[in-house]
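Observations on the model geometry
Residue strings, one per chain:
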Amino acid sequence: MKTEMSMTFFGVRGSYPVPGRTTHRYGGNTSSLLFEIGSQAVLFDAGTGILQAGRYLHQRYPEGGRIHLFLSHLHIDHIQGLPFFMPLYNPRLEIVVHCLESSGSNSQQAIEALFLPPYSPITLKGIKAKLTFRPLAMAHAKNFVAIEPGVVVSYVKHDSHPRLGVIIYQLAHDGRRVVYATDVESPDGFEAAICRFIHGADILIHDAQYLDADYINAGNSKKGYGHSTVSMAVRNARQCAIKKLFLFHFNPEYGDQQLEDMLLQARLKFKNTYLAQELKKIKIRR
Ligand SMILES: [Zn+2]
Ligand SMILES: [Zn+2]
């Protein structure tokens, strides 16, 4: 029997959280999504969406277990939910954090600072789960972590995001491949090596922070901010022969209606496009 595989978006916004009336359909929390492969939980990013993921996982693992968390980069919208991630306070759980170690910065210390005064009263003693950090090796153009038998997360670095770049991840299980690519501004499309890496994936989750007009706006251009337009996401999906595209990491200034406008624009050029929607669980089949 095939292992069931699903993904649930718990936070879909870029930059800062915007819960409220105009964002209630697609959600106002910052980036976090959960993959469940059988009983294995794999999270990507720890924006404010991870609070809801935490409550869900806390109930799902009453007997203990291991949760993997992969961070795309350490900008605050991708880590700010971590001190409020309930599984960290459950002594029966093990949480493994995977992130890039860049020269001149210590990722573990940067993340631990979230728990220390003056930012927080928790301190590291307050964390009850077994918490381990695994820096991602970047010895080759392509790398991978085998987290459980048959569940592999491979990754590649994308350099356009200021200042330290981001990691693009690909989760593979039983012939199914899902790519998580956020904060990946690419006005000329993904470079050939990245396109080869993700080519033919079943699902591409791609940041689509801006409508094209807002990105090129003469008085207030967003070029160089490190975020994509809807056209960049579509172009990368087409160029890399992706089967299904999910737009993600939306501009917090956009309400639900603008996201639906964005979806219509995208579908003109790539029919199999969807909007990431908070709390929506999507089954991933072959
Ligand atoms: Zn971001
Ligand atoms: Zn960022």
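Residues numbered from 1 in each chain as written. Chains lettered and ligands numbered in written order. Predicted model: local features only at pLDDT ≥ 70, side-chain atom pairs only at ≥ 80, totals over all residues. Heavy atoms only, no water.

Considering the sheet that holds strand 1 (residues 5-11)
Pairing is mixed in the open sheet, where seven strands are placed in the order 6-5-4-3-2-1-14. Of all strands in the sheet, those bounded by a partner on one side alone are strand 6 (130-136) and strand 14 (281-283). On average, each strand axis in the sheet is tilted by 20° relative to the strand beside it, whichever way the strands run. Across six bridges, the pairing between strand 1 and strand 2 (residues 32-37) is antiparallel. Bridging from a neighbouring strand, F9 pairs with L33 of strand 2. (Pairing = 2+ DSSP bridges. Helix = DSSP H or I, 4+ residues; strand = E, 2+ residues; numbered from the N terminus. Axes fitted to C-alpha atoms, helices over the stretch in contact; angles between N-to-C directions.)

Section: the coordination of the zinc ion (ligand 1)
For a metal with four tetrahedral donors the ideal donor-metal-donor angle is 109.5 degrees, whereas six octahedral donors ideally subtend 90 or 180 degrees. With distances of 2.1 to 2.3 Å, the protein atoms coordinating the zinc ion (ligand 1) are D77 (OD), H78 (NE2), D183 (OD) and H249 (NE2). In this structure, the zinc ion (ligand 1) is coordinated by four donor atoms arranged in irregular fashion, with angles at the metal of 92 to 163°. In terms of primary sequence, the donors binding the zinc ion (ligand 1) are separated according to D-H-x104-D-x65-H. The distance between the zinc ion (ligand 1) and the zinc ion (ligand 2) comes to 3.4 Å, and D183 binds to both of them. The same class applies to D77 as to H78, namely buried. (Donors = N, O, S within 2.8 Å, 3.2 Å for Na, K, Ca; no water. Tetrahedral: all angles 85-135°; square planar, octahedral: opposite > 155°, others 65-115°. Buried < 20%, exposed > 50% of the residue type's maximum accessible area, 1.4 Å probe, protein only.)

Points about the state of the cysteines
The tally for this structure, following the rule as stated, stands at one disulfide. One disulfide in the model links C195 with C240; its S-S distance is 2.4 Å. Disulfide C195-C240: torsion about the S-S bond near -130°, hence left-handed. You can see C195 sitting in helix 3 (residues 192-198) and its partner C240 sitting in the loop between helix 5 (230-239) and strand 12 (244-248), a full 45 residues away along the chain. On the accessibility criterion, C195 (8% relative accessible area) is buried. (Disulfide = S-S within 2.5 Å.)

Re the sheet that holds strand 8 (residues 151-158)
Taken together, the seven strands give an open sheet; going across it, the order is 7-8-9-10-11-12-13, and neighbouring strands pair in mixed fashion. Looking at which strands have only one partner, the edges of the open sheet turn out to be strand 7 (143-148) and strand 13 (273-275). Neighbour-to-neighbour, the strand axes of the sheet open up by a mean angle of 20°, direction not taken into account. Packed on one face of the sheet, helix 6 (residues 256-269) meets strand 12 and strand 13 and runs near 170° to strand 13. (Contact = heavy atoms within 4.5 Å.)

Topic: the side chain of H68
Relative to the helices and strands, H68 resides in strand 4 (residues 65-70). Overall, H68 belongs to the buried group, its relative accessible area being 1%. Sequence-distant contacts of H68, defined by excluding residues within four places in its chain, comprise Q40, A41, V42, L43, V96, H98, R134, I147 and E148.

A closer look at the packing of helix 5 against helix 6
Each pair of packed helices can be summarised by the angle the axes make with each other and by the distance between the axes. Taken N-terminus to C-terminus, the directions of helix 5 and helix 6 make an angle of 30°; their axes are 10 Å apart at the nearest point. Regarding the angle of helix 5 to helix 6, the classification is roughly parallel. Crossing handedness for the pair helix 5 and helix 6: right-handed. Taking contact as the criterion, the partners of V230, V234 and R238 in helix 5 are, on helix 6, M262, Q265, A266 and K269. Of the residues contributing to the contact of helix 5 with helix 6, the split by class is four nonpolar, one polar and two charged. (Parallel < 35°, antiparallel > 145°, perpendicular 65-115°, else oblique. Left-handed = near helix turned anticlockwise from the far one by under 90°. Nonpolar A, V, L, I, M, F, W, Y, C, P; charged D, E, K, R; others polar.)

Focus on the packing of aromatic side chains
For the coordinates displayed, the defined rule picks out twelve aromatic pairs. For the pair F44 and Y180, a centre-to-centre distance of 5.5 Å together with 50° between the ring planes defines the contact as tilted. Placement of the pair is F44 in strand 3 (residues 40-44) and Y180 in strand 10 (residues 176-181), with a sequence separation of 136 residues. Just as F44 is buried, Y180 falls in that class too. Ring geometry for F70 and Y169: centres 5.2 Å apart, planes at 70°, overall edge-to-face. Highlighted residues: F70 in strand 4 and Y169 in strand 9 (residues 166-173), separated in sequence by 99 residues. Classification of F70 as buried rests on a relative accessible area of 0%. (Phe/Tyr/Trp six-rings, centres within 6.5 Å; stacked < 30°, edge-to-face > 60°.)

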